[in-house]
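For reference, the chains in residue letters:
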Amino acid sequence: MMDKLRTLQFSFYSALFIATLTTVSVTLARYPLFPLNTESLEWSNAWLSATVVDFYGACLCFCGVVISSERSWIAAVLWTLGFCLLGSPVCCAWVLIWLWKGGGTLRLERTQESFTEDRMD
């Protein structure tokens, strides 16, 4: 079961990586970021779209961390909805609460078991 979940997660984040990298790269190639061309509607729309894809790419990565960190599925889903619908302020609120409740660290710790599993793979 864990192998299937790991494969699903790896596949999802690989596809997300390719989608975000492609979107930003193509936009950068077609519409150079500098010099800023804010007078062009086409340039502005292209960068607006790329920025939205880029934001949701980062947001979905953060959602994965939160879903795997929260003790309650309900809390994880509510936080995820907040991140995706309300953006950075909710992300910052989660980090502040996590720091307050979690002893002041954002470190993602790996258990000894996960190191052992990595060595066997």
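Residues numbered from 1 in each chain as written. Predicted model: local features only at pLDDT ≥ 70, side-chain atom pairs only at ≥ 80, totals over all residues. Heavy atoms only, no water.

Some points on the confidence of the model for the protein
Interpretation of the predicted coordinates at a detailed level should be avoided for regions scoring low in pLDDT.
Here is step 1: Looking at the protein as a whole, its pLDDT mean stands at 90, while 90% of the residues score no less than 70.
Here is step 2: For the protein, the element scoring lowest by mean pLDDT is helix 5 (residues 112-120), at 55; helix 3 (residues 73-86) scores highest, at 97. (pLDDT = per-residue confidence, 0-100. Helix = DSSP H or I, 4+ residues; strand = E, 2+ residues; numbered from the N terminus.)

Things to note about the layout of surface pockets
Here is step 1: In this structure, the second largest pocket occupies an estimated 240 Å³ of space.
Here is step 2: Forming the boundary of the second largest pocket are Ser69, Glu70, Arg71, Trp79, Trp94, Ile97, Trp98, Lys101 and Gly102.
Here is step 3: Counting residues per element, the lining of the second largest pocket draws most heavily on helix 4 (residues 88-101), at four residues.
Here is step 4: Residues that form the lining of the second largest pocket fall into these classes: four nonpolar, two polar and three charged. (1 Å grid on protein atoms, 1.4 Å probe; cavity = no way out; pocket = protein on both sides within 12 Å on 5 of 7 lines; lining within 4 Å. Points joined across faces, edges and corners; volume = space filled by probe spheres on them. Nonpolar A, V, L, I, M, F, W, Y, C, P; charged D, E, K, R; others polar.)

Digging into the nonpolar core
Here is step 1: Grouped together as the largest cluster of nonpolar side chains are nine residues: Cys59, Cys63, Val66, Trp79, Phe83, Cys84, Val90, Cys91 and Trp94.
Here is step 2: At the level of secondary structure, the elements contributing two or more residues to this core comprise helix 2 (41-69), helix 3 and helix 4.
Here is step 3: Those residues in contact with tryptophan 94 that lie beyond four places of it in its chain are Phe62, Val66, Ser69, Glu70, Trp79 and Phe83.
Here is step 4: Core analysis: the second largest hydrophobic core is formed by five residues, Trp43, Ala46, Trp47 and Ala50 among them. (Core = buried A, V, L, I, M, F, W, Y, C linked by side-chain atoms within 4.5 Å. Buried < 20%, exposed > 50% of the residue type's maximum accessible area, 1.4 Å probe, protein only. Contact = heavy atoms within 4.5 Å.)

Overview of the side chain of threonine 80
Here is step 1: In this fold, threonine 80 is placed in helix 3.
Here is step 2: When sequence neighbours within four positions are dropped, the list of residues in contact with threonine 80 reads Cys63 and Ile67.

What to know about the packing of aromatic side chains
Here is step 1: For the structure shown, the criterion picks out six aromatic pairs.
Here is step 2: Seen from their ring centres, phenylalanine 12 and tyrosine 13 are 4.9 Å apart, and the 85° between their planes marks the pair as edge-to-face.
Here is step 3: A relative accessible area of 29% places tyrosine 13 in the partly exposed class.
Here is step 4: With centroids separated by 5.4 Å and ring planes inclined at 85°, the aromatic side chains of phenylalanine 62 and tryptophan 94 adopt a geometry described as edge-to-face. (Phe/Tyr/Trp six-rings, centres within 6.5 Å; stacked < 30°, edge-to-face > 60°.)

Quick look at helix 4
Here is step 1: In this model, helix 4 (14 residues) spans 20 Å end to end at C-alpha, consistent with the 20 Å of a helix rising 1.5 Å per residue.
Here is step 2: Buried residues of helix 4: Val90, Cys91 and Trp94, and no others. Summarising the axial view, the buried residues of helix 4 lie within an arc of 105°, below the 170-degree limit, and thus occupy one face. Of the residues in helix 4, the exposed ones pointing more than 90 degrees away from the buried face are Pro89, Leu96 and Trp100.
Here is step 3: The inward-facing, buried residues of helix 4 abut helix 2 and helix 3. (Expected span 1.5 Å × (residues − 1). Arc of directions from axis to C-beta.)

A few points about unusual backbone geometry
Here is step 1: Cis geometry marks the peptide bond from phenylalanine 34 to proline 35; its omega dihedral reads 0°.
Here is step 2: Summarising the element assignment, proline 35 is placed in the loop between helix 1 (2-30) and helix 2.

Regarding the packing of helix 2 against helix 3
Here is step 1: Running from N to C, helix 2 and helix 3 cross one another at 165°; their axes reach a closest spacing of 10 Å. When the interaxial angle is binned, helix 2 and helix 3 end up roughly antiparallel. Classified by chirality, the crossing of helix 3 by helix 2 is right-handed. Of helix 3, the residues touching helix 2 (which contributes Phe55, Tyr56, Cys59, Leu60, Phe62, Cys63, Val66 and Ile67) are Trp73, Ala76, Trp79, Thr80, Phe83 and Cys84. (Axes fitted to C-alpha atoms, helices over the stretch in contact; angles between N-to-C directions. Parallel < 35°, antiparallel > 145°, perpendicular 65-115°, else oblique. Left-handed = near helix turned anticlockwise from the far one by under 90°.)

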